[in-house]
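Chains, contacts and geometry: an overview
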Amino acid sequence: MKVIFEYHDVSPSESLEAFTKEKLEPLFTRFEFVIRADVFFKTENTSSDETGKICGIRLSAPGPRLFAEASHDEFHASVVETIDELMRQLKKRKEKMKTY
């Protein structure tokens, strides 16, 4: 499991990295074909108080890379939503990979 973190206009946080790795663990164990995750954290000025902390995750797997992104008022919620979306994409990809 290789996870690379990138921060844009955000100070690095070990607790946020640990939380993200913990949430990514089920993806790596359930879908063995995923080899790497690139995690991006950035802030954005928005008119809404409920958005602005953005988490984007790009997964390297056979075929096209998978990407999901979410924006909430805190990074933890963005991470959870992003990983949920990636889980849906991975399930779809695995169905296509099955041999009949």
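All of the points below concern the structure found in this document. (Residues numbered from 1 in each chain as written. Predicted model: local features only at pLDDT ≥ 70, side-chain atom pairs only at ≥ 80, totals over all residues. Heavy atoms only, no water.)

Comments concerning a negative patch on the surface
Rule in force here: Candidates for patches are residues over 30% relative accessible area with no salt bridge; among them, like charges are joined within 9 Å and nonpolar side chains (Val, Leu, Ile, Met, Phe, Trp, Tyr) within 5 Å. In these tables, accessible area is a Shrake-Rupley quantity obtained with a 1.4 Å probe, and a residue counts as shielded only by the protein chains included in the view. Within this document, salt bridges are pairs made up of a side-chain nitrogen of Lys or Arg and a carboxyl oxygen of Asp or Glu, the two lying within 4 Å of each other. Here Asp and Glu are counted as negative and Lys and Arg as positive; His is not counted, and neither are the chain ends. The location of each charge is read from NZ of Lys, CZ of Arg, CG of Asp or CD of Glu. In this description a helix means any DSSP run of H or I spanning at least four residues, a strand means any run of E spanning at least two, and both kinds are numbered starting from the N terminus.
Together, D49, E50, D73 and E74 line one region of the surface with negative charge. Positionally, E50 belongs in the loop between strand 2 (36–43) and strand 3 (53–60).

Some details on the pattern of salt bridges
Heads up, the rule is: Between buried and exposed lies partly exposed: a residue is buried under 20% and exposed over 50% of the maximum accessible area for its type, with that area taken using a 1.4 Å probe on protein chains only.
For the structure on display, the rule yields four salt bridges. Between R58 and D38 there is a salt bridge whose closest N-O contact spans 3.0 Å. Placement of the pair is R58 in strand 3 and D38 in strand 2, with a sequence separation of 20 residues. With relative accessibility at 26%, the residue R58 sits in the partly exposed group. Residue class for D38 comes out buried when judged on its relative accessible area of 3%.

Overview of the packing of helix 1 (residues 14–30) against helix 2 (residues 75–97)
For clarity, the threshold we go by: To get an axis, a line is fitted to the C-alpha atoms, and for a helix only the part in contact is used. The angle between two axes follows their N-to-C directions and goes from 0 to 180 degrees. Put simply, angles under 35 degrees are roughly parallel, angles over 145 are roughly antiparallel, angles from 65 to 115 are roughly perpendicular, and the rest are oblique. If you view the pair so one helix is near and one far, a crossing is left-handed when the near helix is turned anticlockwise from the far one by less than a right angle, and right-handed when it is turned clockwise. Any two residues having at least one pair of non-hydrogen atoms within 4.5 Å are treated as being in contact. Three classes are used, and their members are as follows: Ala, Val, Leu, Ile, Met, Phe, Trp, Tyr, Cys and Pro are nonpolar, Asp, Glu, Lys and Arg are charged, and the others, Gly among them, are polar.
Contact geometry for helix 1 and helix 2: axes closest at 11 Å, N-to-C directions at 15 degrees. The orientation of helix 1 relative to helix 2 falls into the category roughly parallel. Here helix 1 runs over helix 2; the crossing is right-handed. On helix 2, the residues that touch L16, F19, T20, K23, L24, L27 and R30 of helix 1 are F75, H76, V79, V80, I83, L86, M87, L90, K91 and K94. Within the contact of helix 1 with helix 2, the residues separate by chemical class into 11 nonpolar, two polar and four charged.

Focus on helix 1
The cut-off we apply is this: One fewer than the residue count of a helix, multiplied by 1.5 Å, yields its expected span. One axis fitted to the seven residues ending at a residue, another fitted to the seven starting there: the angle between these axes is the bend at that residue.
Taking 1.5 Å of rise per residue, 17 residues should cover 24 Å, and helix 1 covers 25 Å from first to last C-alpha, within 8% of that figure. L24 marks the point of greatest bend in helix 1, at about 30 degrees, and the proline P26 comes within the next four residues. Every buried residue of helix 1 is accounted for by L16, F19, T20, L24, L27 and F28. Against the buried residues of helix 1 lie strand 1 (2–8), strand 2, strand 3 and helix 2.

By themselves, these are just geometric observations and shouldn't be taken as functional.
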